[in-house]
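Chain by chain, the residues:
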Amino acid sequence: MKRILSGIKPSGELNIGGYGGALHQFVSMQHDYECFFFVPDLHAVTVAQDPKELYQRSMDVAAYYIAAGIDPRKATIFIQSQVPAHAELGWIMETQVYFGELRRMTQFKEKSDGKDSVSSALLTYPALMAADILLYQATHVPVGDDQKQHLEMTRDLADRINHKFGKILTIPEPVIQKSGSRIMGLDDPAIKMSKSNPNTNSYVLLNDTPDVIRRKFSRAVTDSEMSVRYDWGTKPAVSNLIEIYSVFSGETIETVEKRFEGQGYGTFKNELAEIVIEKLVPIQERYKEIIASQELVDILKDGAVKAAGIANETIKKLKNAMGFVTF
Ligand code: TYM
């Protein structure tokens, strides 16, 4: 059986980076896998969060999953903190991972760089992420390129545990798309598109209005060559825009290049904005219907029960094997 587990942290408003690397894949893979899509709120609190915002963003992420096209009758959608097994296995994972391994994680280095006091959870975060995945015996984990290293660690940990305590955990495969797995800032193609960037023109939010989307793309940096050609080595800014076009249109990179052959950046950017708007407006409309509904609450309650059933089985097996008293 092929099973997916993945999620998007509720630590800021969703942008088209998370859509390209994750959400868009979740939607297209849901028919071929048994799916668990969760809201990793325990991960969000590795850095300070305003309680009201955390609540709202957690509900927002869940609503956007459904608005983007995940079918809650097929996929299990839940909030991480409502399934206590995550925190429990997270702790067990921390006992199996080495300090040196955690310290080497690029995301930890980036997020802690230059800061005097960071929470210890920012360091141990990948142990919790491994727990998220391994609890469900996920075979596949669709993620953006920046999560590759965490997935490698998850695989190493599963393998380590299986060697020590018997074959209990499934070793998961990352699923990283060819295009869209690394969407960069519109102002600087060397930096990942991220909601934490203080320059709001660097990203497009899933809830940006059409006018704002048009404005942000029209201001996106390009280069002086004036040809819509895909080449990350020499044309990173334009290549990034081509990837975004490809994700939102479903066309291959080659088709996008052909479509805009001989045309200037102005036309390309205008059409790019329209393609993105065409996809996002219906998502925004469904989001508005879902976010305030009792249906969303019911989906999340049911999802947590179903997820806990599976997660508890894995944790019981592992605790038994490790010598914990489990009667
Ligand atoms: P997070 O919340 O930072 O991002 C969610 C997903 O979106 C992808 N992503 C991007 N992809 C392409 N271009 C971008 N600019 C971009 N920005 C974000 C990320 O790669 C990710 O797939 N640790 C995870 C959350 C998590 C998780 C898990 C994921 C916790 N437990 C278990 C999968 C399985 C994170 O911080 O993602």
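Per an unreviewed UniProt entry, the protein chain goes by Tryptophan--tRNA ligase and derives from Paenibacillus polysaccharolyticus. Entered under Subcellular location (unreviewed entry) in the UniProt record, the comment concerning the protein chain runs "Cytoplasm". Quoted verbatim from the Sequence similarities (unreviewed entry) field of UniProt, the annotation for the protein chain is "Belongs to the class-I aminoacyl-tRNA synthetase family."

A. View of the packing of helix α3 (residues 51-67) against helix α12 (residues 265-291). At a minimum axis separation of 8 Å, α3 and α12 run at an interaxial angle of 125°. Classified by the interaxial angle, the pair formed by α3 and α12 is oblique. For the element pair α3 and α12, the recorded crossing hand is right-handed. Together, M59, D60, A63, Y64, I66 and A67 of α3 and I283, R286, Y287, I290 and I291 of α12 make up the contact between the two elements.

B. Representation of α3 within the structure. End to end, α3 covers 24 Å across 17 residues, agreeing with the expected 24 Å (1.5 Å per residue, within 8%). Every buried residue belonging to α3 is among R57, S58, D60, V61, A62, A63, Y64, Y65, I66 and A67, and all of these are buried. Those residues of α3 hidden inside the fold are in contact with α1 (16-29), β2 (34-39), α2 (41-44), β3 (76-79), α12 and α13 (294-322). Among the residues trailing α3, G69 stands out with phi positive, at a value near 125°.

C. Structural context of the nonpolar core. The biggest cluster of nonpolar side chains holds 89 residues, and the ones touching the most others in it are Y64, Y65, A130, L272 and V276. The greatest single-element share of this core, amounting to ten residues, is contributed by α12. Of the residues that make up this core, three or more belong to each of domain 1 (3-175 + 293-322) and domain 2 (200-287). For Y65, the contacting residues outside a window of four places in its chain are F26, F37, I70 and I77.

D. Quick peek at the environment of S194. With respect to the helices and strands, the residue S194 is situated in the loop between β5 (173-175) and α9 (210-219). Residue classification places S194 among the partly exposed positions, given that 16 C-beta atoms sit within 10 Å. Separated by 43 residues in sequence, S194 and L151 place their C-alpha atoms 20 Å apart. Among residues more than four places away in sequence, those in contact with S194 are G17 and Y203.

E. Highlighting the domain arrangement of the protein chain. Looking at the protein chain, the domain boundaries give domain 1 (3-175 + 293-322) and domain 2 (200-287). Each of domain 1 and domain 2 has a C-alpha centre, and the two are 30 Å apart. Each side of the interface is counted separately: domain 1 has twelve residues, and domain 2 has eleven residues. When residues of the side of domain 1 that touches domain 2 are traced back to their parent elements, those giving at least two are α1 and α3. Among the elements that line the side of domain 1 that touches domain 2, the one with the most residues is α1, at five residues.

F. Highlighting the UniProt feature "binding site: L-tryptophan" (unreviewed entry) in the protein chain. As recorded in UniProt, the feature "binding site: L-tryptophan" (unreviewed entry) lies at D132. Looking at the secondary structure, you find D132 in helix α7 (residues 120-135). Residue class for D132 comes out buried when judged on the 27 C-beta atoms lying within 10 Å of it. With sequence-adjacent residues up to four places away left out, D132 is seen in contact with L5, P40, Q80 and H86.

G. Just unusual backbone geometry, in detail. One non-glycine residue, Q137, lies in the positive phi region at around 55°. In this fold, Q137 is placed in the loop between α7 and β4 (140-142). With a phi angle near 65°, M226 is a residue other than glycine that sits in the positive phi range. Take M226: it is sitting in the loop between α9 and α10 (236-249).

H. Examining the site of the ligand more closely. As a structural note, the neighbourhood of the ligand is formed by 25 residues, with K9, G17, G21, V143 and G144 the closest of them. The set of elements that each furnish at least two residues to the shell around the ligand consists of β1 (3-7), α1 and α7. Along the lines of polarity and charge, the residues of the shell around the ligand split into ten nonpolar, ten polar and five charged.

What counts, and where the lines are drawn
Residues numbered from 1 in each chain as written. Predicted model: local features only at pLDDT ≥ 70, side-chain atom pairs only at ≥ 80, totals over all residues. UniProt positions renumbered as here; feature names shortened; annotations may be inferred. Axes fitted to C-alpha atoms, helices over the stretch in contact; angles between N-to-C directions. Helix = DSSP H or I, 4+ residues; strand = E, 2+ residues; numbered from the N terminus. Parallel < 35°, antiparallel > 145°, perpendicular 65-115°, else oblique. Left-handed = near helix turned anticlockwise from the far one by under 90°. Contact = placed C-beta atoms within 7 Å. Expected span 1.5 Å × (residues − 1). Buried ≥ 20, exposed ≤ 12 C-beta atoms within 10 Å, placed from the backbone. Core = buried A, V, L, I, M, F, W, Y, C linked by C-beta atoms within 7 Å. Domains from an automatic or database assignment. Near = placed C-beta within 6 Å. Nonpolar A, V, L, I, M, F, W, Y, C, P; charged D, E, K, R; others polar.

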